[in-house]
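# Examination of the molecular architecture
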Amino acid sequence: MSTPDLLIVGSGLFGLTIAERAAVEHGAKVTIIDRRPHVGGNAYSEIDEQTGIEVHKYGAHLFHTSNERVWEYVNRFTTFTGYQHKVYTTHQGEVFPMPINLGTVNQFFRAAYTPDEARELIAEQAGELAGTDPENLDEKGISLIGRPLYEAFIKNYTGKQWQTDPKDLPASIISRLPVRYTYNNRYFNDTFEGLPTDGYTAWLERMADHPNIEVQLETDYFDTSQPLNKDSTRGNIPVVYTGPVDRYFDFELGELGWRTIDLETEHLDVGDFQGTSVMNYADEEVPYTRIIEPRHFHPERDYPKDRTLIQREYSRFADSGDEPYYPINSGTDRERLKAYRRLADAEPRTLFGGRLGTYQYLDMHMAIGSALSMADNKLPDLLRA
């Protein structure tokens, strides 16, 4: 096997973007390795065998961005549908539009407030803790939107996400809880939004479809039985590593904390279970945080009219061996990350990127934007190293 000019560890959007730029802009021979049996990281999707419905294997992925460069770049590999994401929340047997907007406020309070009247009401309710410094997430939420809306829509939902009473969570977890004083319930405010017309996997595979790019799946960077392992490549060839940064250093400074999700899939003999793609469940007695019904991501497709599937999503702290989704980012995590970054900066001919490699949550457009920035500013020097 010939030695590549660049080794990419991980085939998520960050790694695929770096690989594509290296191959196209620099003519580099690139090898991507991934321990999973597919490309695309958590953005990967697959077709459900029973229904033919495209399923986001690792949870709902919605593409949106206001970055014109990112939008132009991704459109080289896929077109996008006109899908606009809208979310609803079930609370005490009633469905409300999210994010909290004028419709939510008027429905919740059984009123017909004007925008100014709603602003005055929320300001009055949020003033309950005026003059105090919130000591926990519970108090912070009340100080932002008032007790009634916070306790109905935020408190228990957040508690389920974190498996922790919000009174025991730091106030710093939330900086703002926006309330819209219009009836607009489009979830994202970005300029561009949609879902890949042919699905995520088709898009992701096109990014790697270049004669200079080789993809090796089910290949673990830390497995010394395969030739492109860490021991054999470290310092010898340029590497862009997008796996967990603490795993790279064999957890020598301790493990970084993550939350993960479990998805429980159920097939149903109905054509439509909930009428929307995502339904949140705000009440404590419902163990899952939301139900995803993937058929609604692509209403333009000819899916079966008598069969559907749903995914109940449960959130919990990740154990060793779980897929890490969201960094916990506790004080201990932040101190460990600083130390890991110092080690990463000293690694020969190696760059760290992506959600796992930098220990930060990145939406898809953010991962691509970050990779394009690395390709501009760091990749040329890495390839010359």
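Residues numbered from 1 in each chain as written. Predicted model: local features only at pLDDT ≥ 70, side-chain atom pairs only at ≥ 80, totals over all residues. Heavy atoms only, no water.

The name that an unreviewed UniProt entry assigns to the protein chain is UDP-galactopyranose mutase, with the source organism given as Brachybacterium alimentarium. Taken directly from UniProt, the Catalytic activity (unreviewed entry) text for the protein chain runs: "UDP-alpha-D-galactose = UDP-alpha-D-galactofuranose". The UniProt entry for the protein chain carries this comment under Pathway (unreviewed entry): "Cell wall biogenesis; cell wall polysaccharide biosynthesis." (UniProt positions renumbered as here; feature names shortened; annotations may be inferred.)

### Some remarks on the packing of helix α1 (residues 13-26) against helix α12 (residues 364-377)
Taken N-terminus to C-terminus, the directions of α1 and α12 make an angle of 35 degrees; their axes are 8 Å apart at the nearest point. Crossing hand, α1 versus α12: right-handed. Note on element contacts: α12 touches α1 through M364, A367, I368, S370, A371, L372, M374 and A375, opposite L13, F14, T17, I18 and R21. Class assignment for the residues of the contact of α1 with α12 results in 10 nonpolar, 2 polar and 1 charged. (Axes fitted to C-alpha atoms, helices over the stretch in contact; angles between N-to-C directions. Helix = DSSP H or I, 4+ residues; strand = E, 2+ residues; numbered from the N terminus. Left-handed = near helix turned anticlockwise from the far one by under 90°. Contact = heavy atoms within 4.5 Å. Nonpolar A, V, L, I, M, F, W, Y, C, P; charged D, E, K, R; others polar.)

### Some words on the nonpolar core
If you look at the biggest cluster of nonpolar residues, it comprises 69 residues, and the most contacted ones within it are I18, F63 and W203. Counting the residues that make up this core, at least three belong to each of domain 1 (6-46 + 53-78 + 197-255 + 328-384) and domain 2 (98-173). Among residues more than four places away in sequence, those in contact with I18 are L6, I8, V240, A371, M374, A375 and L379. In terms of nonpolar packing, the next biggest core, distinct from the first, is built from 19 residues, L228, I237, F249 and A344 among them. (Core = buried A, V, L, I, M, F, W, Y, C linked by side-chain atoms within 4.5 Å. Buried < 20%, exposed > 50% of the residue type's maximum accessible area, 1.4 Å probe, protein only. Domains from an automatic or database assignment.)

### What to know about the packing of helix α5 (residues 137-145) against helix α6 (residues 147-162)
Running from N to C, α5 and α6 cross one another at 140 degrees; their axes reach a closest spacing of 9 Å. It follows that α5 is oblique to α6 by the angle criterion. Judged by the sense of rotation from one axis to the other, the crossing of α5 with α6 is right-handed. Across the interface between the two elements, L137, D138, G141, I142 and I145 of α5 pack against R147, L149, Y150, I154, K155 and T158 of α6. Partitioned by chemical class, the residues of the contact of α5 with α6 number 6 nonpolar, 2 polar and 3 charged. (Parallel < 35°, antiparallel > 145°, perpendicular 65-115°, else oblique.)

### With respect to the domain arrangement of the protein chain
Put simply, an interface is often sized by how much accessible area is lost when its parts join up. For the protein chain, the assigned domains are domain 1 (6-46 + 53-78 + 197-255 + 328-384) and domain 2 (98-173). Computed over C-alpha atoms, the centres of domain 1 and domain 2 are 37 Å apart.

### Things to note about the environment of N212
You can see N212 is positioned in the loop between α7 (200-207) and β9 (213-217). For N212, a relative accessible area of 14% translates into the label buried. When the C-alpha positions of N212 and A22 are compared, they lie 9.0 Å apart, and in sequence the two are 190 residues distant. In contact with N212, not counting residues within four places along its chain, are A23, G27, A28, K29 and V30. A polar contact of 3.4 Å, which involves the side chain of N212, links it to the backbone oxygen of A28. Reaching out from N212, the side chain makes a polar contact with the side chain of K29 at a distance of 3.2 Å. (Polar contact = N/O pair within 3.5 Å; in protein donor to acceptor, adjacent residues only side chain to side chain.)

### Structural notes on the pattern of salt bridges
When the charged atoms of two side chains with opposite charge come close together, those side chains can pair. This structure, assessed with the given rule, holds 25 salt bridges. Across the salt bridge formed by E25 and R21, the nearest N and O atoms sit 3.2 Å from each other. Of the two residues, E25 and R21 are both situated in helix α1; the distance of 4 residues between them amounts to about one turn of the helix. For E25, a relative accessible area of 44% puts it in the partly exposed group. You can call R21 buried: its relative accessible area is 8%. A salt bridge links R206 to D198; its shortest N-O distance comes to 2.8 Å. Overall, R206 belongs to the partly exposed group, its relative accessible area being 33%. A single network of salt bridges, built from pairs that share partners, joins D262, R316, D319 and D322. (Salt bridge = Lys/Arg side-chain N within 4 Å of Asp/Glu carboxyl O.)

### With respect to the packing of aromatic side chains
Tallied over the full model, the rule gives 29 aromatic pairs. Ring plane angle 85 degrees and centroid distance 5.9 Å describe the contact between Y288 and Y314, whose orientation is recorded as edge-to-face. Pair noted here: Y288 is in the loop between β12 (278-281) and β13 (290-292) and Y314 is in strand β14 (residues 308-317), with a separation of 26 residues, a long-range link. Following the ring pairs from residue to residue traces out a cluster consisting of Y221, F222, Y241, Y248, F249, Y340 and F352. Residue placement shows K57 over the ring face of Y58; its charged tip is 5.8 Å from the ring centre. In this structure, R259 packs its charged tip against the face of W162, placed 4.3 Å from the ring centre. (Phe/Tyr/Trp six-rings, centres within 6.5 Å; stacked < 30°, edge-to-face > 60°. Lys NZ or Arg CZ within 6 Å of the ring centre and 35° of its normal.)

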